[in-house]
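Report on the structure
Letter by letter, the chains look like this.
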Amino acid sequence: MTTRYGRQFLQIPGPSNVPDRVLRAIDQPTIDHRGPDFKEFTWGLLERVKKVFKCEDHVIIYPSSGSGAWEAALVNTLSPGDTILMVETGEFAVLWRDIAIRFGLNVDFVPGDWRHGVDPQIIEEKLKTDESQSIKAVAVVQNETSTGVTSDIFKVRQAIDAANHSALLLVDVISSLGSVDYRHSEWGVDVTIGGSQKGLMLPPGLGFNAINQKAIKASADAKLPKSYWNWSPILESNSNGFFPYTPATNLLFGLDEALNMLFEEGLDNAFARHARLAEATRRAVDTWGLENLAINPSEYSNVLTAVLLPEGHDADGLRQIILENFDMPLGTGLGKVKGKVFRIGHLGWFNELMLAGTLSGVEMGLSLSDIPFNAGGVQAALNYLIKNSG
Ligand SMILES: *Cc1c(COP(=O)(O)O)cnc(C)c1O
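Model, not experiment: these values are computed from the prediction.

The 7 strands are arranged β1-β9-β8-β7-β4-β2-β3 in an open sheet whose pairing can be described as mixed. The open sheet has two edge strands with one neighbour each: β1 (58–62) and β3 (106–110). The mean angle between the axes of side-by-side strands here comes to 20°, regardless of whether they run parallel or antiparallel. Note: strand β7 (residues 168–172) against strand β8 (residues 191–195), 3 bridges, orientation parallel. Of the residues in β8, the one forming a bridge with Val171 is Thr192. Across the sheet, helix α7 (residues 213–221) touches β7, β8 and β9 (207–211), and the angle it forms with β7 is around 110°. Here helix α8 (residues 231–239) sits on the sheet and contacts β1, β8 and β9; the angle it forms with β1, its principal contact strand, is near 105°.

The relation between two aromatic rings is expressed through the spacing of the ring centres and the mutual angle of the planes. Counted under the stated rule, the structure contains 11 aromatic pairs. Measuring from ring centre to ring centre gives 6.1 Å for Phe38 and Phe41, while their planes differ by 50°; the resulting arrangement is tilted. Of this pair, Phe38 and Phe41 both sit in helix α2 (residues 36–53), 3 residues apart, which is roughly one turn of that helix. Here Phe38 and Phe41 have matching classes, each one buried. Between Tyr228 and Tyr245 the ring centres are 4.5 Å apart and the planes differ by 5°, which places this aromatic pair in the stacked class. One end of the pair, Tyr228, is in the loop between α7 and α8; the other, Tyr245, is in the loop between α8 and α9 (249–265), and 17 residues separate them in sequence. Accessibility expressed as a relative area gives 21% for Tyr245, which makes it partly exposed. In textbook terms, an aromatic cluster arises when at least three aromatic residues are bridged by ring pairs, as seen for Phe38, Phe41, Phe243 and Phe253. In this structure, Lys198 packs its charged tip against the face of Phe92, placed 5.1 Å from the ring centre.

In the neighbourhood of the ligand, 13 residues make up the surrounding shell, with Gly66, Ser67, Thr145, Asp172 and Lys198 lying closest. In the model, a nitrogen atom of the ligand is placed 2.6 Å from a nitrogen or oxygen of the Asp172 side chain. Protein chains bury 88% of the 380 Å² of accessible surface belonging to the ligand in isolation. It is helix α3 (residues 66–77) that contributes the most residues to the shell around the ligand, 3 residues altogether. In the shell around the ligand, the residues fall into 4 nonpolar, 7 polar and 2 charged.

Before going further, it helps to spend a moment on the nonpolar core. One finds Phe53, Ile61, Val138 and Leu255 to be the most contacted residues of the largest nonpolar core, which totals 54 residues. Ranked by the residues each element gives to this core, the list is headed by α9, at 8 residues. Formed jointly, this core draws a minimum of three residues from each of two domains, domain 1 (20–263) and domain 2 (266–387). Apart from the residues lying within four places of it in its own chain, the contact partners of Val138 are Leu85, Ile123, Leu127, Val156, Ile160, Ala167, Leu168, Leu169 and Leu170.

About the criteria used
- Counting restarts for each chain: residues are numbered from 1 in the order of the written sequence.
- Selection of residues for local features in this predicted model requires a pLDDT of at least 70, selection of side-chain atom pairs for listing and counting requires 80 or more, and totals for whole chains, interfaces and linings are taken over all residues.
- Side-chain figures throughout are based on the complete set of non-hydrogen atoms in the structure, without hydrogens or water.
- Strand pairing requires that DSSP identify at least two bridges connecting the strands.
- Only runs of H or I of at least four residues qualify as helices and only runs of E of at least two qualify as strands under DSSP, and these elements are numbered from the N terminus.
- Simply put, an axis is a line fit to the C-alpha atoms, just over the touching stretch for a helix, and the angle between two N-to-C directions goes from 0 to 180 degrees.
- Whether two residues are in contact is decided by their heavy atoms, any of which lying within 4.5 Å being enough.
- Two aromatic rings from Phe, Tyr or Trp, using only the six-membered ring of Trp, form a pair when their centres are within 6.5 Å; if the ring planes differ by under 30 degrees the pair is stacked, by over 60 it is edge-to-face, and anything between is tilted.
- Only protein chains enter the accessibility calculation, which uses a 1.4 Å probe. A residue is then buried if its area is under 20% of the maximum for its type, exposed if over 50%, and partly exposed in between.
- Charge-over-ring placement is defined geometrically: NZ (Lys) or CZ (Arg) within 6 Å of the ring centre, and within 35 degrees of the ring normal.
- Each residue is tested against the molecule or strand, and it is near if at least one of its non-hydrogen atoms lies within 4 Å.
- Pairing of N or O atoms within 3.5 Å defines a polar contact, subject to two protein rules: one partner must be a possible hydrogen donor and the other a possible acceptor, and residues neighboring in sequence count only if both atoms are side-chain atoms.
- In short, Shrake-Rupley with a 1.4 Å probe defines the accessible areas, and a residue's cover is counted only from the protein chains shown.
- Residue polarity is assigned by list, with Asp, Glu, Lys and Arg as charged and Ala, Val, Leu, Ile, Met, Phe, Trp, Tyr, Cys and Pro as nonpolar; anything else, Gly included, falls into the polar class.
- Only buried residues count toward a nonpolar core. Its members are Ala, Val, Leu, Ile, Met, Phe, Trp, Tyr and Cys residues joined through side-chain atoms within 4.5 Å.
- The split of the chain into domains comes from an automatic or database domain assignment.

Functional significance is not addressed by these values, which are geometric in nature.
Put into structure tokens, the structure is as follows:
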């Protein structure tokens, strides 16, 4: 372990940097999760957390990683043998599919090249030809964190409606919630799957299911085995201000403070900040002469940028140079883009000067490597930030 001076520049696309305010909120004595103070706190928190999902019905909070919340969404709404339509946007879509397969669901997995988002046209066609309405759910990832591609969820909703199909819509917003516009109720999403450690600026450890009445109705007939994830006892306990088992009390304190911060800034301002910092990042990548893994500008992620290295160069080698010399972890390539891309996280508690530091670390690392690139990426990003400040 080397001696550190200053804070480590953690720029992976989750877990993201946790604000000092949130750290302080977590650093409180743990209280009785069955006592009167907790009940008051929970009622307030459950109301407020709905606002970040723009969910009118209910948000379930699990002491879990995002993967637990994925599993919860499936086991509460589906039965063995049910068909679920999923889309291969990248590694996270693959991992979610694997859970569905392990539970004996029949997955129709629309193949993808990991450089594009969900094509609503394909969803519409698949649903239109499903005359017996055997597809019970459509499951997509809003921000594919392995590729830096964001899909248009409202268009997926419109595709389902255009096909006049009754399938549930399940959406993973684990990396995008709090960073990119999202509207659970307005977009007619039935289950939204969230996590704490990305746009929500918390440490890992909370999973979310935002649900609507259609999802709750589906859960009454869903036959997949479940216990810990079962919505029903949680909903009942929540209505009394409690949880059926010990919640992550101190992370809930942190969540309350993270919500304070997001609402003080205003969600729209937070989204605009992410868009500005993401665009500055892309200007740097362009100037370096490197390629964004995302192909369509309309699908560029404001959460992270996955940078594709020229053939024959190892992205993990570059990450190692940057980590060893400048103490900055960047996101590794996941799944089939391992070694080909590195990922710059620009999400959550993040500002102009943090971005300048991040891009400086990348540009210095490129200089120390044998990767061909053009200098001046940092300056291009700064120029964009100067023009778009205030
Ligand atoms: C991080 C992530 C997950 C997995 O969350 P864990 O907390 O690691 O289980 C799932 N989906 C997306 C889009 C993610 O970014």
